[in-house]
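Reading the structure
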Amino acid sequence: MTAPIEASAFRAAMARFPGAVTIVTTGQGAARRGITATAVCSVTAEPPSLLVCLNRKTGTCAAVTGSMGFTVNLLSGDGGPLALTFAGAGGVTGADKFRAGEWQDSAHGPRLTSAIASFACEVSEQVDAGTHRVFIGQVVGVTTADGAPLLYEQSRFHQLQPL
């Protein structure tokens, strides 16, 4: 049997893996919850679906489990400060995070009006994997806008540059 990889070595390698920065949201009004996430990807085009991984210890994970819906908001290149807020920087928690940015409530979770893409999803499957819960959401609504996405790599935010 192969020896397990140390968590620090895994984290160091994954830090080299660039990811699009999103804010995953759910709920409405005072029950709104949201978290910054890079563990988001498409699953299938037919039917349209996304995969989102959330730490099970977070209020956002519990709220998505309870509501069975979420919205994935893809941040534009200038979204670093908002990403930090939703990652918990400055100690802001719960619905107070939504004081930053402009949000529209929806049945599946708040939509960031400045997002370059937003995907409203209904949870079709979920499974616990280690410290996280993997949600597969069927996309029931999408909005897009112009702009380049915010990326995260080596513990820093980046923007795409055309070649």
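Structure: see above.
Attention here is on the structure that accompanies the text.

Calculation notes
- Residues numbered from 1 in each chain as written.
- Predicted model: local features only at pLDDT ≥ 70, side-chain atom pairs only at ≥ 80, totals over all residues.
- Heavy atoms only, no water.
- Helix = DSSP H or I, 4+ residues; strand = E, 2+ residues; numbered from the N terminus.
- Contact = heavy atoms within 4.5 Å.
- Salt bridge = Lys/Arg side-chain N within 4 Å of Asp/Glu carboxyl O.
- Buried < 20%, exposed > 50% of the residue type's maximum accessible area, 1.4 Å probe, protein only.
- Polar contact = N/O pair within 3.5 Å; in protein donor to acceptor, adjacent residues only side chain to side chain.

In this fold, Arg 56 is placed in the loop between strand S5 (48-55) and helix H2 (59-67). Arg 56 sits 75 residues away from Thr 131 along the chain, and the two C-alpha atoms are 6.1 Å apart. In this structure, Arg 56 is in contact with Cys 61, Asp 128, Gly 130, Thr 131, His 132 and Arg 133, ignoring residues within four places of it in sequence.

Before going further, it helps to examine the pattern of salt bridges. What the rule picks out here adds up to five salt bridges. Residue Arg 16 pairs with Glu 153 through a salt bridge whose shortest N-O separation is 3.8 Å. Pair noted here: Arg 16 is in the loop between helix H1 (7-14) and strand S1 (19-20) and Glu 153 is in strand S11 (residues 150-153), with a separation of 137 residues, a long-range link. In this structure, the salt-bridge partner of Asp 105 is Arg 32, at a minimum N-O distance of 3.9 Å.

Here Lys 97 is to be found in the loop between helix H3 (80-86) and strand S7 (103-104). Here Lys 97 falls in the buried class, since its relative accessible area comes to 10%. Sequence separation between Lys 97 and Glu 6 is 91 residues, and the spatial gap between their C-alpha atoms is 33 Å. If sequence neighbours within four positions are ignored, Lys 97 has contacts with Gly 34, Ile 35, Thr 85, Phe 86 and Val 92. A distance of 2.9 Å separates a polar side-chain atom of Lys 97 from the backbone oxygen of Gly 34.

Read these as layout, nothing more, since geometry by itself doesn't imply function.
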